[in-house]
Protein chains: 2
Amino acid sequence: MTESRLDETHDPAARSFVPSANDPSTDFPLQNLPLGVFRVEDETPRIGVAIGTHVLDLSAAISVGRLSVAPDLANACSGGSLNALMRLGAEPRRALRRQLFALLRSDSPLAADSAMQARLLLPIARVEMLLPAEIGDYSDFYASIDHATHVGSMFRPDNPILPNYKWVPIGYHGRASSIVPSGTAIRRPSGQRKAPDAEAPTFGPSRQLDYELEVGAWIATGNPLGDPIPIDQAEDHLFGLSLLDDWSARDLQAWEYQPLGPFLGKSFATTVSPWIVTLEALEPFRVPAATRPEGDPAPLPHLDSDQNRQEGAFSIALEVHLQTQAMREQNLAPLRVSRTDFRSLYWTFPQMIAHHASNGCNLRPGDLLGSGTVSGPAPENRGCLLERTWRGKEPLEMPSGEKRAFLEASDEVSFTGRCERDGFVSIGFGECSGRVNS
Amino acid sequence: MTESRLDETHDPAARSFVPSANDPSTDFPLQNLPLGVFRVEDETPRIGVAIGTHVLDLSAAISVGRLSVAPDLANACSGGSLNALMRLGAEPRRALRRQLFALLRSDSPLAADSAMQARLLLPIARVEMLLPAEIGDYSDFYASIDHATHVGSMFRPDNPILPNYKWVPIGYHGRASSIVPSGTAIRRPSGQRKAPDAEAPTFGPSRQLDYELEVGAWIATGNPLGDPIPIDQAEDHLFGLSLLDDWSARDLQAWEYQPLGPFLGKSFATTVSPWIVTLEALEPFRVPAATRPEGDPAPLPHLDSDQNRQEGAFSIALEVHLQTQAMREQNLAPLRVSRTDFRSLYWTFPQMIAHHASNGCNLRPGDLLGSGTVSGPAPENRGCLLERTWRGKEPLEMPSGEKRAFLEASDEVSFTGRCERDGFVSIGFGECSGRVNS
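Residues numbered from 1 in each chain as written. Chains lettered and ligands numbered in written order. Predicted model: local features only at pLDDT ≥ 70, side-chain atom pairs only at ≥ 80, totals over all residues. Heavy atoms only, no water.

## A closer look at the overall build of chain A
Note the threshold: The helix count covers DSSP runs of H or I at least four residues long, the strand count covers runs of E at least two residues long, and both are numbered beginning at the N terminus. Radius of gyration here is computed from C-alpha atoms only, and the compact-globule reference equals 2.2 Å multiplied by the residue count raised to the power 0.38. Buried residues are those whose accessible area, probed at 1.4 Å on protein chains only, stays under 20% of the maximum for their type, while exposed residues exceed 50% and partly exposed ones sit between those limits. Contacts are assigned to residue pairs that have any heavy atoms within 4.5 Å of one another. Throughout, the Shrake-Rupley method with a 1.4 Å probe supplies accessible areas, and for residues the shown protein chains are the sole cover considered. Under the counting rule used here, the positive set is Lys and Arg, the negative set is Asp and Glu, and His together with the chain ends is not counted. Where a charge lies is defined by one atom per residue type, namely NZ (Lys), CZ (Arg), CG (Asp) and CD (Glu).
What chain A contains, in helices and strands, is 12 helices and 26 strands. Relative to a compact globule of 438 residues, whose C-alpha radius of gyration would be 22 Å, chain A shows 22 Å and is just as compact. Out of the 438 residues in chain A, the part that is buried amounts to 63%. The contacts in chain A between residues at least 6 apart in sequence include a share of 73% that link residues at least 24 apart. Of the accessible surface of chain A, which amounts to about 15,800 Å², a share of 50% is contributed by carbon and sulfur atoms. Separation of charge centres in chain A, based on 40 positive and 55 negative side chains, amounts to 3 Å.

## As for helix H11 (residues 349–357) of chain A
All names here are of chain A. In terms of burial, H11 is largely enclosed, as nine of its nine residues are buried. Listed in full, the buried residues belonging to H11 are Phe349, Pro350, Gln351, Met352, Ile353, Ala354, His355, His356 and Ala357. In this structure, the buried residues of H11 make contact with strand S6 (138–141), strand S12 (213–219), strand S13 (238–245), helix H9 (306–311) and strand S21 (368–370).

## Quick word on the pattern of salt bridges
To keep it simple, the criterion reads: The salt bridge definition used is simple: a Lys or Arg side-chain nitrogen within 4 Å of an Asp or Glu carboxyl oxygen.
Taken as a whole and assessed by the stated rule, the structure comprises 60 salt bridges over all chains. Across the salt bridge formed by arginine 404 of chain A and aspartate 411 of chain A, the nearest N and O atoms sit 2.6 Å from each other. No difference in accessibility class separates arginine 404 of chain A from aspartate 411 of chain A, as the two residues are buried. Here arginine 404 of chain B makes a salt bridge to glutamate 402 of chain B, at a shortest N to O gap of 3.5 Å. With a relative accessible area of 4%, arginine 404 of chain B lands in the buried category. Assessed through its relative accessible area of 23%, glutamate 402 of chain B is described here as partly exposed. Among the ionic contacts, a cluster of salt bridges with common partners joins Arg5, Glu235, Glu283, Arg286 and Glu311 of chain A.

## Details of the pairing of strand S1 (residues 35–39) of chain A
All names here are of chain A. To be explicit about the condition: For two strands to count as paired, DSSP must find a minimum of two bridges between them.
Of all five residues in S1, four are buried, a share of seventy percent or more. Pairing of S1 with strand S2 (residues 46–51), which is carried by four bridges, proceeds in the antiparallel orientation. Paired with glycine 36 across the strands is glycine 48, a residue of S2. Across three bridges, S1 lies against strand S5 (residues 128–130) in antiparallel orientation. The partner of valine 37 across the bridge, within S5, is leucine 130.

## Considerations on the nonpolar core
All names here are of chain A. The cut-off we apply is this: We define a nonpolar core as any set of buried Ala, Val, Leu, Ile, Met, Phe, Trp, Tyr and Cys residues linked to one another through side-chain atoms lying within 4.5 Å.
With 77 residues, the main nonpolar core has Tyr211, Leu241, Trp247, Phe342 and Leu407 as its most contacted residues. For this core, the secondary structure elements donating two or more residues are helix H6 (145–155), S12, S13, helix H8 (279–282), strand S19 (317–323), H11, helix H12 (385–388) and strand S24 (412–419). Tallying contributions element by element places H11 first for this core, with five residues. In contact with phenylalanine 342, other than residues within four places in its own chain, are Val215, Phe314, Ile316, Leu318, Phe349, Ser371 and Val374.

## What about the confidence of the model for chain A?
For residues with low pLDDT, the predicted coordinates do not support detailed interpretation. To keep things clear, this is the line we draw: A residue's pLDDT is simply how confident the predictor is in it, with values from 0 to 100.
Residue-level pLDDT values for chain A average 97, and 99% of them are 70 or greater. Both confidence scores are given for the complex: pTM 0.98, ipTM 0.97.

## Some details on the relation of the copies chain A and chain B
For the record, the criterion: Residues below a pLDDT of 70 in either copy are left out; the C-alpha atoms of the rest, at least 70 in both, set the least-squares superposition of the copies.
Turning chain A through 180 degrees and shifting it by 0.0 Å along the axis lays it on chain B, with an RMSD of 0.0 Å. The relationship between the two copies is best expressed as a two-fold rotation axis. Every residue of chain A has its C-alpha some distance from the rotation axis, and the shortest such distance is that of glycine 261 of chain A, at 2.1 Å. In this assembly, 100% of the residues forming the interface of chain A have copies in chain B that are likewise at the interface, indicating an isologous arrangement.

## Topic: helix H4 (residues 90–104) of chain A
Residue and element names in this part refer to chain A. Rules: Multiplying one less than the number of residues by 1.5 Å gives the expected span of a helix. Read the arc as the range of directions from the helix axis to the C-beta atoms.
Spanning 15 residues, H4 covers 21 Å between terminal C-alpha atoms, matching the ideal 21 Å at 1.5 Å per step. Considered for burial, the residues of H4 that qualify are Ala90, Arg93, Leu96, Arg97, Leu100, Phe101, Leu103 and Leu104. All buried residues of H4 fall inside an arc of 160 degrees around its axis, so they share one side.

## Digging into the interface of chain A and chain B
In plain terms, the rule: Classification used: nonpolar for Ala, Val, Leu, Ile, Met, Phe, Trp, Tyr, Cys and Pro, charged for Asp, Glu, Lys and Arg, polar for all others including Gly.
Listed as interface residues are 55 residues of chain A and, on the opposing side, 55 residues of chain B. The interface formed by chain A and chain B holds six salt bridges in total. Between aspartate 137 of chain A and arginine 175 of chain B there is a salt bridge, with its nearest N and O atoms 3.5 Å apart. If you list the elements that add at least two residues to the side of chain A that touches chain B, you get S6, strand S7 (171–173), strand S9 (190–193), strand S10 (202–205), helix H7 (250–256) and H11 of chain A. The greatest single-element share of the side of chain A that touches chain B, amounting to three residues, is contributed by S7 of chain A. Considering only residue class, the side of chain A that touches chain B consists of 27 nonpolar, 21 polar and seven charged.

## Details of the sheet that holds strand S2 (residues 46–51) of chain B
All names here are of chain B. The line we're drawing: Lines fitted to C-alpha atoms define the axes, with helix axes restricted to the stretch in contact, and inter-axis angles between N-to-C directions lie between 0 and 180 degrees.
The strand order across the open sheet built from five strands is S4-S3-S2-S1-S5, with neighbouring strands paired in antiparallel fashion. Of all strands in the sheet, those with a lone pairing partner are strand S4 (121–123) and strand S5 (128–130), marking the two edges. Adjacent strand axes in the sheet meet at a mean angle of 50 degrees when their direction is disregarded. Sheet topology note: the S2/strand S3 (residues 54–57) ladder contains four bridges and is antiparallel. Bridged to isoleucine 51 within S3 is histidine 54. In this fold helix H4 (residues 90–104) packs onto S2, S3 and S4, with an angle of close to 120 degrees to the strand it touches most, S3.

## So, the environment of cysteine 384 of chain B
Within the element layout of this structure, cysteine 384 of chain B appears in the loop between strand S21 (368–370) and helix H12 (385–388). The sequence separation of cysteine 384 of chain B and valine 320 of chain B amounts to 64 residues, and the corresponding C-alpha distance is 8.8 Å.

## So, the side chain of threonine 348 of chain A
Within the secondary structure, threonine 348 of chain A is located in the loop between strand S20 (335–341) and H11. Sequence-distant contacts of threonine 348 of chain A, defined by excluding residues within four places in its chain, comprise Ala289, Asn308, Gly312 and Ala313 of chain A.

## Structural notes on the side chain of glutamate 212 of chain A
All names here are of chain A. Cut-off, in case you're wondering: Polar contacts here mean pairs of N or O atoms no more than 3.5 Å apart (in protein, one a potential hydrogen donor and the other a potential acceptor; neighbouring residues in sequence count only if both atoms are side-chain atoms).
Mapping glutamate 212 onto the fold places it in the loop between strand S11 (209–210) and S12. At 3.3 Å, the side chain of glutamate 212 and the side chain of threonine 373 are in polar contact. Setting aside residues no more than four positions away along its own chain, glutamate 212 makes contact with His147, Leu244, Asp245, Asp246, Ser248, Arg250, Lys266, Thr373, Gly383, Cys384 and Phe415.

## Some remarks on the packing of aromatic side chains
Heads up, the condition is: Stacked, tilted and edge-to-face are the three classes assigned to paired rings of Phe, Tyr and Trp, where Trp is represented by its six-membered ring and a pair needs centres within 6.5 Å; plane angles under 30 degrees give stacked, over 60 edge-to-face, the rest tilted. Charge-over-ring contacts are defined here by two conditions on Lys NZ or Arg CZ: a distance within 6 Å of the ring centre and an angle within 35 degrees of the ring normal.
Throughout the structure, instances matching the rule amount to 14 aromatic pairs over all chains. Relative to phenylalanine 141 of chain B, the ring of phenylalanine 263 of chain A has its centre 5.7 Å away and its plane inclined at 85 degrees; by these criteria the two rings are edge-to-face. Here phenylalanine 263 of chain A is found in the loop between H7 and strand S15 (270–272), whereas its partner phenylalanine 141 of chain B is found in strand S6 (residues 138–141) on a different chain. Of the two residues, phenylalanine 263 of chain A and phenylalanine 141 of chain B, neither departs from the other in class, the shared state being buried. Between the aromatic rings of tyrosine 346 of chain B and tryptophan 347 of chain B, the centroid separation amounts to 5.7 Å while the plane-to-plane angle is 75 degrees, which identifies the pairing as edge-to-face. Like tyrosine 346 of chain B, the residue tryptophan 347 of chain B is buried in the burial classification. Lying over the aromatic face of tryptophan 347 of chain A, arginine 292 of chain A brings its terminal NZ or CZ to 4.6 Å of the ring centre.

So this is what it looks like as structure tokens:
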């Protein structure tokens, strides 16, 4: 890690005057300061900053003079999406973080001004969280080699990893219109599916509805059409990360995906956690890119750099929790069905960004990149039910006595993400959840 | 055809006071009235209507009182993109067409008001044409069975058409950010490509740059997330058509496309013709959906309707023209390298729309659907060089004495589209062209 990128905003001794921000279990301590877009009843959407159980109204804090920011930054913080702030790039975002840190720490003048606190800080429970940005394009990758190996071995037992996998950060274009914020109900899609022994497909509700545990990367400035992004500049275009659930209808996907890839098996819904954890908040949790096994090729030069090898990845502990209707009725807590770490991916986000733009494709502020399902080698590390139950052959045993091969009506799926490191305050990503409505 | 949808705006005897609109070779007679977005120097982009060699400034015509339209329609015509007009749906669009027809025909009061003509009508040659809409999502289909058969037989000689093809209108998500209007220079993309006998891929400029002759469909109102669009309502969501060139780097595509489909082989550029020919202008050119060969399955019920069978397709004569730098220097006209008809597709746009939304995926105003390469059975009907030169094995002989297997530096590709039917005035689509810059 380039320790020089750490500054006072990573100080583990710093505390906030917002009591809930100092709870060791909070996702949103003073050292996190994730950005999102919220709405109070039918008011205009506004940009907010999560602090403990509260959200700071960013434009209100600027307009009352509690944050001293340059006019272009103030202007970028005044809209109903983060796109304008994303476009400004890293320096203004860092300046904003330092200002927010000072405003919310325990020695801030705001700590003693309860009237102003009431005006600027709203309980998160009382606001509606929206999508943080207008998403121009959404691209989804396939960067976990454990996921690719597991899925590949179901369909091609002798040849699970295709020849291009270790050279190309495989990805595909996804659907932007159906991306929804955490908490949105998920309608089970209908579509064509064909049993292997059936003569013809039928049309009806998917019988193999699945989640996919992913991390999403939000693009900051982006590049003009025709100008690739070199790997050593890729992080300049990374605004921050969210959790992402790439809901999948496996039966639709299996029937449709050749030769042009997934389409309706994916495009019915994608859930994102509404808070974007910025690159600055993630600095202490950088780790080296996963070591390639002996014998694997080195990445081609346009996907390789010292910096990426040394600190291109992030350590994020990820978990999947599942709760059925019967479990809710019996007051049984959600069952943790998977746990894994984001650091295990074969390709890093800087590599995915450099690859994506290597043909001149323009990335724009607010574009979203999905990592692909994050899985590890062991059964409990697998980030989707297709893998976790091995195509339904090994269903999960739920504490209610039920079994789950794929998702059933009223099942609720929740992801969590936490970053921990000795000597630093832990941060988290907040909620990424959705309930299947039928 | 439902002749009742024909009205006075299809009257072949009607003429415009704009002389160039009465030239039989024009793409833009009074009976067409396509919509687009133009800019004059550095002014704000505005919506225009093509008439002969001129563009009518739509918002100016409304503001001076020459078009009598409802306030919501006037408002939708006042912006810098067609999205708001698309959102309004078919009835306001039809009302606008009738008003425009009356304004521009020979007996209009405007015919005698040359001062006002000078204010409202600008030579197309003096304006810059922009993208007609903000494109939220772009989806590309594969609806020509001749194209699928040709390409499939190159890669799977014994099994060119996959089992799903005759059941599913195969499509994939495309890249919206890199869609550009006709005339934009096309930069040759770099990327990874691997020769079959090479041990490892290399990174560099594509050696197999190609065009794809397609028709693009623009979505009008669209559907809320979760609500499918029934086939018998699909056309309510079709605003109109443009020509589309889905530039492709075949070497990048061949190496990357398994298992998730095309990505960087496509996302570097897609060209659209800037004028949208509306559904109303296309009414006289409806034809039955192509007859399925004996033995092919009938479409599943959600993709089938009497109306679609009887008139779900459009007859559009499509051509590809190619001109090299040497040809320009020798004053040799572009060579027509392909001609085909859009009516030959295996799937119609209403079927593609109904399929796309069948899982609840939301289509939004301004979304763009590509038909996929339009090819016919004969060599001269093939809509891309991959097919036309059979992977480069049968290069085209150019009038300059050059050969072309794939596109070379400074080659210019132009598509044309014309609709012709006895008893009606022919209409066209205008330019869809791009020059490869290196």
